[in-house]
Every structure is written in structure tokens, then in C-alpha cells.
Amino acid sequence: MPVSTLQNAASRRALASKNRSVKCTAQYSPNHGLQQFAAAAAVSVSLLAAAPAFADGVSFVSSSNSKAVASPVHVEFAVDGLTVRPAADGLIPGTGHFHVYVDVPAAQQPGEGEAIPFDDAHKHFGKGQTTADLELASGKHTLTLAFANALHESYGPAYMQSIEVNVK
């Protein structure tokens, strides 16, 4: 089985499943010899090694990173390690919703546990949305995806990802 690069977030999420396992059914048989048994076991081990270990965090699913795009810019979000829930559901451990910072320098982005401001540069998706169409002016923009709890308190840098877009 050839090992290939993951082409989309759906494949990434499938391999990132916490319940990943491989069952090796190789058996030693005097008719087939020890070499075939060893080869089958080696293939099983190499498949486990080839499956990347993805860290918890957020990602832009349909990334337009460094691409020229038209406004509105369509973005899709994903999170690993936490669950998307509307802010109205209240403060539930391990849950939250997405935010997109538009052209907010890293030094000015809220740190872990800090509240995300409500302004034009900080887009809130508190209803649990996982897609958005962002109206952006022509030019280069930095979009930072962030995850926060129901109180809009950031989960910090581990749950942030930035991309660059060039709006035509």
C-alpha cells in the first residue's frame, strides 16, 4: 500500500482519530516461512509509523494561504482536541467556538484565558459556525483562526493558526 500525502482536512481528521489501530493478521506457517511472516509484520509497523501524529489545534480546512482570492473570502474551520458548541450553551469544559482575527498582529492577539474583543478585527462565530464568507478589502491580509470558550476566552496559541490571503 503506497503512503501518500494528505490532500484534504477530511483525510487528516480520519487519520487523527484517537481510536486509530492496525490489526496484523500475519501468522507463521512452515509452508510460507519466517520471511513472509516478518515481511507482513514489517508492513504493519511501517503503516503505523507512516500515519502522522496530528496535534490538537485549529485549522483552515479550505486554505487559501498565499493565494489570490476574491471577496468575499470563503473559509472553513476545523478543530482537533476540543468540540464546537454555540456560546449560548454555556461554559462546558472542552468546548468552544471559532473566531477569526483580521490583520491583528501576533503581539496584540489575546493570550490563553484572555477575552477576545468584540470589534471589526475580531470576527466571532459564537453560534458554532464552521464556515464563513469574509468581506475583505483588496490587498494582502493575515487571517488568524482562534478557538475560545463560551466566555470568548482564548484557548491560546495551541488553538490558533494564521494564513495569508491576497484579495483581488
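Data block above holds the structure.
Here's what I pulled together on the structure shown here. Since this is a predicted model, take the numbers as computed values, not measurements. (Residues numbered from 1 in each chain as written. Predicted model: local features only at pLDDT ≥ 70, side-chain atom pairs only at ≥ 80, totals over all residues. Heavy atoms only, no water.)

1. Let's talk about the overall build of the protein chain
Formally: Strands here are runs of E lasting at least two residues and helices are runs of H or I lasting at least four, both read from the DSSP assignment and numbered beginning at the N terminus. Buried, partly exposed and exposed residues are distinguished by accessible area as a fraction of the type maximum, computed with a 1.4 Å probe on protein chains only: under 20%, between the cut-offs, and over 50%, respectively. Two residues qualify as a contact provided that any one of their heavy atoms is within 4.5 Å of a heavy atom in the partner residue. Only the protein chains shown count as covering a residue, and every accessible area follows the Shrake-Rupley method with a 1.4 Å probe.
A tally of helices and strands in the protein chain yields two helices and nine strands. Along the protein chain, helices (α) and strands (β) appear in the sequence α-α-β-β-β-β-β-β-β-β-β when read from the amino end. In the protein chain, which comprises 168 residues, the proportion classed as buried is 33%. Relative to all contacts within the protein chain whose residues are 6 or more apart in sequence, the contacts with residues 24 or more apart total 68%. On the protein chain, roughly 10,000 Å² of surface is accessible, and the fraction owed to carbon and sulfur atoms is 54%.

2. Side note on the packing of aromatic side chains
Definition in use: Aromatic rings from Phe, Tyr and Trp, taking only the six-membered ring of Trp, are treated as a pair when their centres fall within 6.5 Å; an angle between ring planes under 30 degrees marks them as stacked, one over 60 as edge-to-face, and anything in between as tilted.
With the rule as written, the count across this model stands at six aromatic pairs. Residues Phe 98 and Phe 147 carry aromatic rings whose centres are separated by 5.0 Å and whose planes lie at 70° to one another, so their mutual orientation is edge-to-face. Linking Phe 98 in strand β5 (residues 95–102) with Phe 147 in strand β8 (residues 139–148), this pair joins segments that are 49 residues apart in sequence. One exposure class covers both Phe 98 and Phe 147, and it is buried. Here the aromatic residues Phe 60, Phe 77, Phe 98, Phe 125, Phe 147, Tyr 155 and Tyr 159 are joined through ring pairs into a cluster of three or more.

3. Things to note about the pairing of β8
How we decide: By definition, two strands form a pair when at least two bridges between them are found by DSSP.
Here β8 lies mainly inside the structure; seven of its ten residues are buried. Where β5 and β8 come together, six bridges link them in antiparallel fashion. Counted as the bridge partner of Phe 98 is Phe 147 from β8. The pairing of β8 with strand β9 (residues 160–167) spans eight bridges and is antiparallel. Paired with Leu 143 across the bridge in β9 is Ile 163.

4. With respect to the pattern of salt bridges
Under the convention used in this document: Every case where a carboxyl oxygen of Asp or Glu lies within 4 Å of a side-chain nitrogen of Lys or Arg is listed as a salt bridge.
With the rule as written, the count across this model stands at one salt bridge. Asp 89 is the salt-bridge partner of Arg 85, the closest N and O atoms lying 2.9 Å from each other. By relative accessible area, which is 32% here, Arg 85 ends up partly exposed.

5. Quick word on the sheet that holds strand β1 (residues 57–60)
Quick reminder of the rule: Lines fitted to C-alpha atoms define the axes, with helix axes restricted to the stretch in contact, and inter-axis angles between N-to-C directions lie between 0 and 180 degrees.
Within the open sheet, the three strands sit side by side as β1-β3-β7. Their pairing is antiparallel. Sheet topology places β1 and β7 (131–134) at the edges, where each strand pairs with a single neighbour. Taking each pair of neighbouring strands and ignoring which way they run, the sheet shows an average axis angle of 30°.

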